[in-house]
Amino acid sequence: MTPEEALAEMSRLAAEIERHNRLYYEEADPEIADAEYDRLFRTLEELESGFPDLARPNSPTRRVGGAPLKGFVQRAHPVPMLSIDDLFSEGELADFYARLQRGLGRAEVAVTVEPKIDGVAVALHYRDGELEWAVTRGDGAVGDVITENVRTIRRVPLRLAEGAPSLLEVRGEIFLPKETFARLNRARDEAGLPAFKNPRNAAAGTLKLLDSREVARRPLDFLAHGHGLIEGLVAASSDELAGELARLGLPWNGPVWRAGSFEEVLAAVRELDVMRHSLPYETDGAVVKVVDFAAREALGTTARAPRWAAAFKYPPEQQETVLRGITVQVGRTGTLTPVAELDPVLVSGSTVRRATLHNQDEIDRQDVRIGDTVVIEKAGEIIPAVVRVVLEKRPADAVRYDLHEAIGGRCPACGGEVAREAGFVAWKCRNPSCPAKTANRLRQLVGRKALDIEGVGSIVAEKLVERGLVADPLDLFSIEADTLAVLNLGTETEPRVLGAKNAAKIVETAARAREMPLHRWLFGLGFPQVGESAAKELARLHRNLDELADSALLRELRTFATGQRKEDSELLAPYGIASEVGPAVAASVTEFFESDVGAVLRERLRALGVDPQSANYAPLAPVDAGGGSSGAAGRTFVITGTLSAPREDIKERIEAAGGKVSGSVSKKTDYLVAGEGGGSKLEKANSLGVAVIDEAGLAELLSGDIDSAPEEE
Ligand code: IVH
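Keep in mind that what you see is a predicted model, and the values were worked out from it rather than measured. (Residues numbered from 1 in each chain as written. Predicted model: local features only at pLDDT ≥ 70, side-chain atom pairs only at ≥ 80, totals over all residues. Heavy atoms only, no water.)

> Would you mind going over the overall build of the protein with me for this structure?
Along the backbone of the protein there are 26 helices and 22 strands. A globule of 713 residues ought to have a C-alpha radius of gyration of about 27 Å, and the protein, at 29 Å, matches this closely. Considering only C-alpha atoms, the protein reaches an extent of 80 × 70 × 65 Å along its principal axes. Sorting the 713 residues of the protein into buried and exposed places 46% on the buried side. The contacts in the protein between residues at least 6 apart in sequence include a share of 68% that link residues at least 24 apart. (Helix = DSSP H or I, 4+ residues; strand = E, 2+ residues; numbered from the N terminus. Rg over C-alpha atoms; globule rule 2.2 N^0.38 Å. Buried < 20%, exposed > 50% of the residue type's maximum accessible area, 1.4 Å probe, protein only. Contact = heavy atoms within 4.5 Å.)

In structure tokens, the structure reads:
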């Protein structure tokens, strides 16, 4: 075969394979059997290996993924990828439609209503019909180039059909279909990996993998719902554009309703609510968009979002089911949590069998009894909860529940003594070596925000403790891979071992974890009161565990235990400390290091050769009068409106100067940093007399030019 012949044949095969992909995925109407498809595929592969120089980068054979990348490259969006305004009630939806009518000066505004896909936004750039780039939304202005990973998605055409425009930027959503998600999580659970919380997290996590061969193993999907820059194609409306794109082989999101009045919009939104659970992807809303492009232009955009589109958010779904029993879970610190065991019920697309009852007070307040019909709610990522009892359906034999009585006054995991601390509602297991506590402490240590050790899911953690391999979470560091490999995750009669591959992964990531920075270790070790942000703040003020254990600062802070939390930030400001580290945290940490348990921990870490160092060490000199240090230290900020940099960046700058950023305005707020269009927060700040500054004001404050906080009222 001559190179010319080979090239022609490769091109024919590629087009043929892409056509079959389309028939299979788009139209669900394959023309050929899988075996025939595989044969075409293999023929193309063989030709390409015979003529490697002639193989196209966009060949369908390249979907399986190439060599891993070192990192992602960034790329600016030619047209910003905006956000979308949310509408939380039918009233807000009516207001939105009325704004469209007013804005366009007419009663009938044609809009579409379609599902909001819970996935990862992406822009696909096609040049002369060939996929050139795939870029994530990023901060809306600049995103990550993920072309290699996107190539693995069968539904994304690598090459468009005949007649493609010279430049076409299609926008849409990459998602993991619900079914694939369930399968992936089952496999992860079996491999001892932590389950993904929801399909969106799973899709986002997958797209961040640097090895596209790994991505190819998780079948992501894609649907288009919009566009960016286009050259060489004229469309006057989303209808026209959708038609063109479909013809070019791009999958368009659906079902799409058309509406010309508010009543029709409402009807569509309600219909979608009924059928959305049978869609292949997770959705929590309906997107309403103006159809006509000239009308979109006329309405324009705010800095954040277009005025011609909005997302109606469905309220969290509630379902009725019967509460058959109550079991008790033992947490990391020994807290006993009552859990409702329910008749399985489908909520927001997943089967719910258990829901939290929080604590005895909640059970009493709601008067939940065993046998009751209860309403449970599940909102997105949140753990299902019992929200109320349907009293009309209470059977005569419904039984009251008392946790302490039910457990016979003993920890259900270890049989140890339980107690209630003064002022607290929860019962706690007092046995320091309770296996349930140890397993959950191990889970905390290996968690994603702590040491990020892969492969220690809840089953593996439980079994490690049960089989006596882990009596203390740090024991994980001394287990040999051979021992781990034969860990029985099943029962005596039906054994199922962890396996060499999983064992190797645990040992490998655990070895890497030794070098993790101080704040991750602090969070992972799980001191009482020390959450993620307190851990970071402690690491900012101390270089390592030795400094922390001998910290004069913490000992002094501990004496501030006034019990008046609201004064913490004023007390702490002179030390340049944000209020994450108040007297309570200081007391918890110092007490720990003064205790025998603390001494043992330090000894063990020394023996393991682990000496975590701070990655964000930046203590501030005390702010004395005219000391020239930043006026942000110890102050609480709230950010609103559109600013010149992403909010996360501004937050980082404030935190680096010792300030704290909170999400909502209250009397405790020192400054509201307001960009363009800060609505309700600005009003609230004004009504509370909170100082409002702009970006320039913030810059001055951070550079230390302003030395005093706003006057107290
Ligand atoms: S249209 C510029 N339609 O929601 C606003 N967005 O938009 C027009 N999203 O991350 C967006 N499903 O990627 C539109 N059917 C849909 C969508 C959708 C999901 C995402 C979008 C973006 C966010 C806000």
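More follows now that the structure is in view.
> Help me out: how do you make sense of the nonpolar core in this one?
Soluble, globular proteins show a tendency: their nonpolar side chains are buried together. Counting 53 residues, the largest nonpolar core has I453, V456, L464, L476, F477, W521 and L538 as the members making the most contacts within it. Looking at which element gives the most residues to this core, the answer is helix 22 (residues 583-594), with 5 residues. Beyond its immediate stretch of four places on either side in the chain, F477 contacts L445, L451, I453, A510, A513, R514, W521 and L608. One finds I153, F181, A203 and L245 within the second-largest nonpolar core, a separate group that totals 33 residues. (Core = buried A, V, L, I, M, F, W, Y, C linked by side-chain atoms within 4.5 Å.)

> Mind showing me how you'd approach the site of the ligand here?
In the vicinity of the ligand, 14 residues are found, and the nearest of them are I84, E114, P115, I117 and E173. Contacts to the ligand include N253, whose side-chain N or O atom sits 3.2 Å from a nitrogen atom. Mapped onto the shell around the ligand, the elements with two or more residues apiece are strand 3 (111-117) and strand 10 (283-290). For the shell around the ligand, the element with the highest residue contribution is strand 3, accounting for 4 residues. Here the residues of the shell around the ligand are counted per class, giving 7 nonpolar, 3 polar and 4 charged. (Near = heavy atom within 4 Å. Polar contact = N/O pair within 3.5 Å; in protein donor to acceptor, adjacent residues only side chain to side chain. Nonpolar A, V, L, I, M, F, W, Y, C, P; charged D, E, K, R; others polar.)

> Would you explain unusual backbone geometry in this entry?
With the exception of glycine, most residues fall at negative phi, and the peptide bonds are largely trans. Between G254 and P255 the backbone carries a cis peptide bond, its omega angle lying at 0 degrees. With respect to the helices and strands, P255 occurs in the loop between helix 8 (238-247) and strand 9 (257-259). Look at D128: it is not a glycine, yet its phi comes out positive at around 45 degrees. As for its position among the elements, D128 is in the loop between strand 4 (120-127) and strand 5 (130-136).

> It is not clear to me how the packing of aromatic side chains should be interpreted in this structure. Could you clarify?
By convention here, two paired aromatic rings are described through the distance between centres and the angle between planes. Under the counting rule described, the total for this entry stands at 8 aromatic pairs. With a centroid separation of 5.9 Å and 50 degrees between ring planes, the pair formed by F527 and F593 is classed as tilted. Of the two residues, F527 sits in the loop between helix 17 (518-525) and helix 18 (532-541) while F593 sits in helix 22, which places them 66 residues apart along the sequence. A single burial state applies to F527 and to F593, both of which are buried. What links up through ring pairs into an aromatic cluster is the set F527, F592 and F593. (Phe/Tyr/Trp six-rings, centres within 6.5 Å; stacked < 30°, edge-to-face > 60°.)

> Is there a simple way to think about the packing of helix 3 (residues 90-104) against helix 9 (residues 262-275) in this case?
Angle between the axes and distance between the axes are the two parameters that describe a pair of packed helices. At a minimum axis distance of 10 Å, the contact between helix 3 and helix 9 shows a crossing angle of 140 degrees. Considered as vectors, helix 3 and helix 9 are oriented oblique to each other. Here the hand of the crossing between helix 3 and helix 9 comes out right-handed. Seen from helix 3, the contacting residues are E90, L93, A94 and Y97; seen from helix 9, they are F262, V265, L266, V269 and R270. (Axes fitted to C-alpha atoms, helices over the stretch in contact; angles between N-to-C directions. Parallel < 35°, antiparallel > 145°, perpendicular 65-115°, else oblique. Left-handed = near helix turned anticlockwise from the far one by under 90°.)

> What's the story with the packing of helix 17 against helix 18 in this structure? I'm lost.
With their axes 8 Å apart at the nearest point, helix 17 and helix 18 run at an angle of 140 degrees to one another. Considered as vectors, helix 17 and helix 18 are oriented oblique to each other. Helix 17 and helix 18 meet at a crossing whose hand is right-handed. Contacts between helix 17 and helix 18 involve L518, H519, L522 and F523 from the first element and E532, A535, K536, L538 and A539 from the second.

> Help me understand the side chain of T283, please; the structure alone is not making it clear to me.
Along the chain, T283 turns up in strand 10. Among the polar contacts listed, one links the side chain of T283 to the backbone oxygen of K116, at a separation of 2.5 Å. Dropping the residues within four chain positions of it, T283 is found in contact with P115, K116 and R276.

> Where do I start with the sheet that holds strand 10 in this structure?
Sheet strands associate in pairs through backbone hydrogen bonding, adopting either a parallel or an antiparallel arrangement. Strand order in this open sheet of 5 strands is 2-11-10-3-9, and the pairing throughout is mixed. Unpaired on one side and paired on the other, strand 2 (85-87) and strand 9 mark the two borders of the sheet. For this sheet, the mean inter-axis angle between neighbouring strands, taken without regard to orientation, is 35 degrees. Where strand 3 and strand 10 come together, 7 bridges link them in antiparallel fashion. By the bridge assignment for strand 10, I117 is matched with T283. (Pairing = 2+ DSSP bridges.)

> What should I look at first to understand the pairing of strand 19 (residues 636-640) in this one?
Counting buried residues along strand 19, 5 of its 5 residues qualify, which places the element largely inside the surrounding structure. Residue alternation in strand 19 divides its side chains into two sets, T636, V638 and T640 and F637 and I639, and both sets are buried. Bridge analysis of strand 19 against strand 20 (residues 660-662) gives 3 bridges, and the strand direction is parallel. Note that in strand 20 the partner of F637 across the bridge is V661. With 4 bridges joining them, strand 19 and strand 21 (residues 671-674) adopt parallel strand pairing. Paired with V638 across the bridge in strand 21 is L672.

> Explain the side chain of T669 to me, please; I cannot follow it from the model alone.
Along the chain, T669 falls in the loop between strand 20 and strand 21. Looking at T669, its side chain comes within polar contact range of the main-chain nitrogen of S666, at 2.8 Å. Apart from the residues lying within four places of it in its own chain, the contact partners of T669 are T636, V638, S664 and V690.

> Could you clarify how one ought to interpret the sheet that holds strand 8 (residues 221-231) in this entry?
The strand order across the open sheet built from 4 strands is 5-4-7-8, with neighbouring strands paired in antiparallel fashion. Each having just a single partner strand, strand 5 and strand 8 make up the two edges of the open sheet. Averaged over all neighbouring strand pairs, the angle between strand axes comes to 25 degrees, with direction disregarded. On the sheet, helix 6 (residues 199-207) packs against strand 4 and strand 7 (167-175) and is oriented at approximately 45 degrees with respect to strand 4.

> Can you walk me through helix 2 (residues 34-50) in this structure?
Helix length check: helix 2, at 17 residues, gives a terminal C-alpha distance of 24 Å against a target of 24 Å (1.5 Å per residue), a fit within 8%. The set of residues buried in helix 2 consists of Y37, L40, F41, L44, L47 and E48. Projected down its long axis, helix 2 carries its buried residues within an arc of 125 degrees, all on one side. For helix 2, the exposed residues lying more than 90 degrees away from the buried face are A35, E46, S49 and G50. (Expected span 1.5 Å × (residues − 1). Arc of directions from axis to C-beta.)

> Even after reading the chapter, I still don't get the pattern of salt bridges, so can you show me in this structure?
In total, this model carries 42 salt bridges according to the counting rule given. R39 serves as the salt-bridge partner of E36, at 3.2 Å between the closest nitrogen and oxygen. Within this pair, E36 and its partner R39 are both found in helix 2, separated by 3 residues, close to a single helical turn. According to the relative accessible area criterion, R39 is partly exposed, its value standing at 42%. For E421, the salt bridge is made with K428, and the minimal N-O distance between the two is 3.5 Å. Several salt bridges converge on common partners, so that one network encompasses D367, R369, D372, R394 and R400. (Salt bridge = Lys/Arg side-chain N within 4 Å of Asp/Glu carboxyl O.)

> Which parts of the structure should I look at to understand the environment of T2?
You can see T2 is positioned in the segment before helix 1 (3-25). Look at T2 and you get partly exposed, because its relative accessible area is 35%. Here the alpha-carbon distance between T2 and F51, two residues 49 residues apart in the chain, equals 9.9 Å.

Bear in mind that shape data such as this cannot, by itself, settle questions of function.
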